[in-house]
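# Coordinate analysis (summary)
The chain contents come next:
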Amino acid sequence: MRIAVNTGGGDAPGLNAVIRAVVLAAHHRGWQVYGIQRGYEGLLAFNGVVRLAPENVRGIVHLGGTILGTTNQGNPFRYAVTDADGTRREVDRSDELIAAFRASGFDALIAIGGDGSMQIAWDLACKGLPVVCVPKTIDNDVECTQQTFGFDTAVSTATEAIDKLHSTTESHQRVMVVELMGRNAGWIALHSGISGTAHIVLIPEIPFDIDKVCAAIQAREAAGKHYSIVVVAEGARSVGGEVSLLERRGTGTVDRIGGIGSRVAQMITERMDKEVRSIVLGHLQRGGSPTTFDRLLGLRFGGAAVRAVADGAFGTMLGLAGTSIVRVPLADAVGRQKLVPLDSDIVVTAREQGISFGD
Ligand code: F6P
């Protein structure tokens, strides 16, 4: 057996753990593994297929990023090309990709990615490509898995940042607005906001009213607490408002979300006699060494992916369900987002602890 493995979309701590587990579990069966570099680009745009032997995956479990490289562009079904006259358009290069895959003699693909990569994998599976998916994203927004690897590390980083902001914010009696990643889901903001004892947490699932945010800050002032930490998920929006975008992109990729933190800071400044600062934690949440949880989940997913290939369980995605790794039909996971349920015990717990969601 010759297995191909790739990593697509934004990187997430734990990717290298999956790659290592795939290589070692395959080697254990006498199979060969090849890495396709930068998503599918290693087959479409350049000669980027590398042999991954056990010695190539030594000492990588604790490393962030991905040894294969990644991209959140280069969707083979909506591949961006620029004509000689500068016109940009999309072409479908999926047949070319499948032909290159077969010409390389691969028997199966293990695709490690988030919602975008999962959709590509499903579309390839529908065209007959034998694929098993491993869900990855710091955003934790993939359906059919309790958690994705990368999320725990991102939450730890964000929590540490919020912890550090308490002392400076309190010393200056300021309001500090912290913008965190997560796209359209509030998981990172919710988990780190409550763990870092933020006072206000704004998530996409609960549109906020800025007057209620200010009222929560005012209530703290009245109680003699002259500082407040406001955690804002990048996808949060006010009631009736729009998600704040940094860049609208077309051609086979997604818009860049961001900027809500400084907007919320501005809105508070306009309404209150308080000094307000804002900070965007940004890609720090994607970097660094994966936590033990993310390493172990990555390793378990990698091993389970090879077992799924061995069983011919193609068109499936692996998921974490309780303490088990399960196989779910890829069709059930694509095109959907796992958002924070409003009746989740974490939301209820936050409310009980006096955290405001600005609603
Ligand atoms: O999906 C992961 C993520 O980090 C999101 O939280 C964020 O909106 C996006 O990727 C950022 O993407 P980029 O690396 O293109 O800036």
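Calculation notes
- Residues numbered from 1 in each chain as written.
- Predicted model: local features only at pLDDT ≥ 70, side-chain atom pairs only at ≥ 80, totals over all residues.
- Heavy atoms only, no water.
- Buried < 20%, exposed > 50% of the residue type's maximum accessible area, 1.4 Å probe, protein only.
- Helix = DSSP H or I, 4+ residues; strand = E, 2+ residues; numbered from the N terminus.
- Contact = heavy atoms within 4.5 Å.
- Axes fitted to C-alpha atoms, helices over the stretch in contact; angles between N-to-C directions.
- Parallel < 35°, antiparallel > 145°, perpendicular 65-115°, else oblique.
- Left-handed = near helix turned anticlockwise from the far one by under 90°.
- Near = heavy atom within 4 Å.
- Polar contact = N/O pair within 3.5 Å; in protein donor to acceptor, adjacent residues only side chain to side chain.
- Nonpolar A, V, L, I, M, F, W, Y, C, P; charged D, E, K, R; others polar.
- Domains from an automatic or database assignment.
- Pairing = 2+ DSSP bridges.
- Right-handed = clockwise from strand over helix to strand, strands pointing away.
- Salt bridge = Lys/Arg side-chain N within 4 Å of Asp/Glu carboxyl O.
- Buried area = accessible area lost by both parts, 1.4 Å probe.

Right, let's get into helix α6 (residues 187-195). Of all nine residues in α6, eight are buried; the element is thus mostly enclosed. Among all positions in α6, only Trp187, Ile188, Ala189, Leu190, His191, Ser192, Gly193 and Ile194 are buried. In this structure, the buried side of α6 is in contact with α5 (151-171), β8 (175-180), β9 (200-202), β10 (228-233) and α11 (345-352). Positive backbone phi, approximately 50°, marks Thr197, located one or two places after α6.

Let's shift gears to unusual backbone geometry. Phi is mostly negative for residues that are not glycine, and the peptide bonds are mostly trans. For Arg38, which is not glycine, the phi torsion reads 50° and is therefore positive. Positionally, Arg38 belongs in the loop between β2 (32-36) and α2 (41-44). Despite not being glycine, Cys144 has its phi angle at roughly 70°, a positive value. Take Cys144: it is sitting in the loop between β7 (131-135) and α5. The exposure class assigned to Cys144 is partly exposed, which follows from its relative accessible area of 25%.

In this structure, Ala17 sits in helix α1 (residues 15-28). Here Ala17 falls in the buried class, since its relative accessible area comes to 0%. Along the chain, Ala17 and Pro54 lie 37 residues apart, while their C-alpha atoms are 13 Å from each other. Those residues in contact with Ala17 that sit more than four places away from it in its chain are Val61, Arg295, Gly298 and Leu299.

This part takes up the packing of α5 against α6. Close contact between α5 and α6 brings their axes to 8 Å; oriented N to C, the two are set at 45°. Relative to α6, α5 is oriented oblique. Judged by the sense of rotation from one axis to the other, the crossing of α5 with α6 is right-handed. On α6, the residues touching Phe151, Ala154, Val155, Ala158, Thr159 and Ile162 of α5 are Trp187, Ile188, His191, Ser192, Gly193 and Ser195.

Around the ligand sit Asn72, Ile138, Asp139, Met181, Gly182, Arg183, Glu234, Arg249, His283 and Arg286, and that is every residue in its neighbourhood. In this structure, an oxygen atom belonging to the ligand sits 2.9 Å away from a side-chain N or O atom of Asn72. Within the backbone of Gly182, one N or O atom sits 3.1 Å away from an oxygen atom of the ligand. Here the residues of the shell around the ligand are counted per class, giving two nonpolar, three polar and five charged. Counting the residues that make up the shell around the ligand, at least three belong to each of domain 1 (2-149 + 290-333) and domain 2 (152-286).

For the rest of this paragraph, the subject is the side chain of Asn140. By the element assignment, Asn140 lies in the loop between β7 and α5. Look at Asn140 and you get buried, because its relative accessible area is 2%. In this structure, Asn140 is in contact with Gln146, Gln147, Thr148, Phe151, Trp187 and Lys338, ignoring residues within four places of it in sequence.

This paragraph deals with the pairing of β2. A large share of β2 lies buried, amounting to four of its five residues. Bridge count between strand β1 (residues 2-7) and β2: five bridges; the pairing is parallel. Its bridge partner lying in β2, Ala4 is registered against Tyr34. With α1 bridging β1 and the parallel β2, this β-α-β connection has right-handed handedness. Relative to strand β3 (residues 49-52), β2 is paired through four bridges, and the arrangement is antiparallel. Within β3, the position partnered with Ile36 by the bridge is Val49.

Here the focus is the pattern of salt bridges. If you walk through the whole model with that rule in mind, you get 16 salt bridges. A salt bridge links Arg89 to Asp83; the nearest nitrogen and oxygen atoms lie 2.9 Å apart. Given a relative accessible area of 26%, Asp83 falls into the partly exposed group. Residue Arg271 is joined to Asp211 by a salt bridge in which the shortest nitrogen-to-oxygen separation is 3.2 Å. One end of the pair, Arg271, is in helix α8 (residues 260-271); the other, Asp211, is in helix α7 (residues 210-222), with 60 residues separating them in the sequence. Given the relative accessible area of 41%, Arg271 is considered partly exposed. On the accessibility criterion, Asp211 (47% relative accessible area) is partly exposed.

Moving on, we get to the domain arrangement of the protein. For the protein, the assigned domains are domain 1 (2-149 + 290-333) and domain 2 (152-286). On a C-alpha basis, the centres of domain 1 and domain 2 stand 32 Å from each other. Facing the 20 residues of domain 1 at the interface are 17 residues of domain 2. Taking both sides of the interface into account, the surface hidden between domain 1 and domain 2 amounts to around 1500 Å²; carbon and sulfur atoms contribute 51%. On the domain 1 side of the interface with domain 2, the three residues burying the most area are Ile138, Asp139 and Thr291, jointly 33% of the side's total.

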